[in-house]
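# Tertiary structure, described
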Amino acid sequence: MKAVYVTGPGRAGWVEVPRPEVGPGDVLIKVRACGICGSDGMYTVHGGIPPREGATPLGHEPAGEVVEVGAKVVAVKVGDHVVPNPMAAPSGIIGSGGAHGGLADYLLIEDAVAGRTLRVVPDHLPWAVAALNEPMAVAHHAVNRSGAKAGDTAVVFGAGPIGLGAAISLKSRGVAHVVVVDLVPSRLEKALLAGADAVINSAEVDAVARLRQLHGEVPARPGHAAKAGTDVYIDAAGAAQVVTTALTAAKRGAVLTIVAVHKRPVEVDFAEILGAEIDIRTSMGYPSEIFEVTDALIDNWERYAVIVSDEVPFEGALEALALAATPGAADKVVVTFDAD
């Protein structure tokens, strides 16, 4: 079968590999869609994470149709539509240094256990949306880490896939008012379609001042500007200015959760924020959320569908990787496969 592998530092290419053999506890899926993540470019540059000798398969955001079921597998049948848990593969994380990847004709789900290593989804869920399950689990974990609750107010910085997923997750748990901040008008339009209550173009307006208008003002200590009434801040942008803006706006006891990858150190004036007792948290991966988010994906698939900006056929997978790695060229690229 055909598959896309990291073939060397800075290089990805097509590789012909054997179709996986199915053991008694395994399931084989025909891949129908696989999202491209920003980390795929990182794996290409560094030769795989962790670094490995030889080629490394890519694609950790797959969805597919079951075509073969091992004799000992229960609750899964041929024809089921499924999404896997990439982190649960015993031979290593799918598409992230493990033995198997989702940018391939077929993907082996080892030790297939419904609800643990894979999840069956309804047939009406579009393949490109099903392939969002993994990145939306990342977004959902960030919201869980934030502690956001019904009635809170929140702001998400960055209207890329993770930021939009966080906004949807915040609304689904009853957060009263969600604001999304970005510099790109088309992304802000998507945020409104995804259910955000308001958006801020930080290239045109003062984000802190606008947050005070939207979420009310909270008095600060003498000599300092009033703070925004926002309860939860989520950094899904990865820009140092976002952290500065959030900490400038944050009231006493507010929570800042950082899910974005910051490629450079960020300077924080802790003396300035010490008295506010702002809670700074980080969020990585999805320790328990990979299938928690699936129900929301099924129930609100139209909202999640707006996250997908480009669908590229499998034969153009290398071009899809390049497109996703080009700043400003696309928001969320999903590789799709023929039904045959």
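The following paragraphs examine the structure supplied in this document. (Residues numbered from 1 in each chain as written. Predicted model: local features only at pLDDT ≥ 70, side-chain atom pairs only at ≥ 80, totals over all residues. Heavy atoms only, no water.)

## Side note on the packing of aromatic side chains
Scanning the entire structure with this criterion turns up two aromatic pairs. Measuring from ring centre to ring centre gives 5.1 Å for Trp14 and Phe314, while their planes differ by 80°; the resulting arrangement is edge-to-face. In this pair, Trp14 sits in strand S2 (residues 11-16) while Phe314 sits in the loop between strand S17 (310-313) and helix H11 (317-325), placing the two residues 300 residues apart along the sequence. Given the relative accessible area of 32%, Trp14 is considered partly exposed. Both rings, one in Phe314 and one in Phe337, keep their centres 4.3 Å apart while their planes meet at 25°; by these two values the pair is stacked. One end of the pair, Phe314, is in the loop between S17 and H11; the other, Phe337, is in the segment after strand S18 (333-336), with 23 residues separating them in the sequence. With respect to class, Phe314 is no different from Phe337; both count as buried. Sitting above the plane of the Trp14 ring, Lys2 keeps its charged end 4.3 Å from the centroid. (Phe/Tyr/Trp six-rings, centres within 6.5 Å; stacked < 30°, edge-to-face > 60°. Helix = DSSP H or I, 4+ residues; strand = E, 2+ residues; numbered from the N terminus. Buried < 20%, exposed > 50% of the residue type's maximum accessible area, 1.4 Å probe, protein only. Lys NZ or Arg CZ within 6 Å of the ring centre and 35° of its normal.)

## Focus on the pattern of salt bridges
With the rule as written, the count across this model stands at 14 salt bridges. With its nearest N and O atoms 2.6 Å apart, the salt bridge here joins Arg119 to Asp295. With a gap of 176 residues between them, Arg119 in strand S8 (residues 118-121) and Asp295 in helix H9 (residues 292-299) connect regions that are remote in the sequence. In this structure, Asp331 and Lys190 form a salt bridge, with 3.7 Å as the shortest nitrogen-oxygen distance. Here Asp331 is found in the loop between H11 and S18, whereas its partner Lys190 is found in helix H5 (residues 185-193), with 141 residues between them in sequence. For Asp331, a relative accessible area of 25% corresponds to the partly exposed category. On the basis of relative accessibility, which here comes to 16%, the residue Lys190 falls in the buried class. Each of Asp182, Arg187, Lys190 and Asp331 takes part in one network of salt bridges that share partners. (Salt bridge = Lys/Arg side-chain N within 4 Å of Asp/Glu carboxyl O.)

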